Amino acid sequence: MNSIQRFNAVINQKSTDKIPGMVSNYNVFLTYFYDISISEYLEDPQANAQCFIQMVREFDLDAIYPGRGYIFYGCGPETGLGWVFPEENYPACEAGIIDSPDDLHKMIIPSEPQGYFKKFLEINQMAFKALGEHTLLGIDVLGPFSVAAFFRGYENLLIDTINNPAFFKQVMEKSVEFSLFLGCESLKLEFHRKELNEIFIIPE
């Protein structure tokens with residue numbers, strides 16, 4: 001039984017040769033165990049994918065998402081957001097670009113994947129080519145609330161829900177458009193699982 005068959009059997013309440021297991025956040029482990037720097041993990045899709053593929057095979061993992069913890073699925077520095085890159089840690093977004101309704105035009109929906117989002121898709125493509133026939137792979141689509149939290153700033157966005165709901169609605173409408181772009185590009189990969197992922201990441 002391969003991983004895909006194993007998961008399908010469980011979903012259909014049938015017996016399996018073993019209990020299938022899913023690994024979620026693994027990026028810190030991967031960089032330490034395979035001695036790849038965080039800079040390589042982020043900047044070199046080939047190195048990232050090779051380590052990922054090796055990890056899945058070596059530990060016989062059943063279900064996993066390539067590129068977990070990657071700069072965050074389409075809201076990287078290429079969008080104009082302010083990111084910090086500590087030497088020995090993963091980066092975090094410290095500054096949005098929307099301070100008022102006049103700034104909404106700054107959230108530009110790309111015509112095609114760029115920057116870290118393009119690299120994220122490349123990592124997923126390589127992983128799926130190597131593992132997709134036997135391993136259940138999924139891809140994360142960044143949800144509109146998370147997109148809004150990056151572009152507006154998480155705390156600002158929460159305060160908007162109380163102090164300025166009309167502005168919050170405008171930000172969310174624009175973020176839905178941006179999330180749809182990310183989703184449409186991710187769905188082109190035809191992964192086994194597609195997950196709308198709302199994350200809550202701030203530097204602290």
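Small disclaimer: the values here were computed from a predicted structure and weren't measured.

About the cut-offs
- Residues numbered from 1 in each chain as written.
- Predicted model: local features only at pLDDT ≥ 70, side-chain atom pairs only at ≥ 80, totals over all residues.
- Heavy atoms only, no water.
- Buried < 20%, exposed > 50% of the residue type's maximum accessible area, 1.4 Å probe, protein only.
- Helix = DSSP H or I, 4+ residues; strand = E, 2+ residues; numbered from the N terminus.
- Pairing = 2+ DSSP bridges.
- Salt bridge = Lys/Arg side-chain N within 4 Å of Asp/Glu carboxyl O.
- Contact = heavy atoms within 4.5 Å.
- Axes fitted to C-alpha atoms, helices over the stretch in contact; angles between N-to-C directions.
- Phe/Tyr/Trp six-rings, centres within 6.5 Å; stacked < 30°, edge-to-face > 60°.
- Lys NZ or Arg CZ within 6 Å of the ring centre and 35° of its normal.

Q: Hey, could you run me through the pairing of strand 4 (residues 136–142) in this one?
A: Working note: regular strand, side chains alternate between the two faces of the sheet. Taken across its 7 residues, strand 4 has 7 buried, putting it largely inside the fold. The alternating pattern of strand 4 places L136, G138, D140 and L142 on one face and L137, I139 and V141 on the opposite face, and all of these are buried. Both strand 1 (residues 63–64) and strand 4 contribute to a ladder of 2 bridges, which runs parallel. Its bridge partner lying in strand 4, A63 is registered against L136. Bridge analysis of strand 4 against strand 5 (residues 193–197) gives 5 bridges, and the strand direction is parallel. Note that in strand 5 the partner of V141 across the bridge is L196.

Q: Whenever I open this one, the pattern of salt bridges confuses me. Can you help?
A: Applying the stated rule across the entire model yields 10 salt bridges. One salt bridge in this structure joins D17 and R6, with 2.7 Å as the shortest N-O distance. Here the residue D17 occupies a position in the loop between helix 1 (3–11) and helix 2 (27–33), and R6 occupies one in helix 1, the gap between them amounting to 11 residues. Of the residues examined, R6 reaches a relative accessible area of 6% and is grouped as buried. With its nearest N and O atoms 3.1 Å apart, the salt bridge here joins E185 to K188.

Q: Hey, could you run me through the sheet that holds strand 1 in this one?
A: Strand pairing in a sheet takes place through backbone hydrogen bonds and is either antiparallel or parallel in direction. Strand order in the open sheet made by the 3 strands is 1-4-5, with parallel pairing throughout. Every interior strand has two partners, whereas the edge strands, strand 1 and strand 5, have only one. Packed on one face of the sheet, helix 8 (residues 165–187) meets strand 4 and strand 5 and runs near 160 degrees to strand 4.

Q: Help me understand the packing of aromatic side chains, please; the structure alone is not making it clear to me.
A: The relative placement of two aromatic rings is captured by the distance of their centres and the angle of their planes. All told, the structure shown has 18 aromatic pairs when counted by the stated rule. When the ring of Y26 is compared with that of F52, the centres are 5.6 Å apart and the planes differ by 45 degrees; the resulting orientation is tilted. With Y26 in the loop between helix 1 and helix 2 and F52 in helix 4 (residues 45–58), the pair connects residues that are 26 residues apart, well separated along the chain. Just as Y26 is buried, F52 falls in that class too. Taking the centre distance of 5.0 Å and the plane angle of 75 degrees together, the rings of F33 and Y34 count as edge-to-face. Across from the ring centre of Y65, 4.5 Å away, lies the NZ or CZ of R68, which sits over that ring. Above the plane of the ring of Y116 lies K119, whose end atom (NZ or CZ) is 4.9 Å from the centre.

By themselves, these are just geometric observations and shouldn't be taken as functional.
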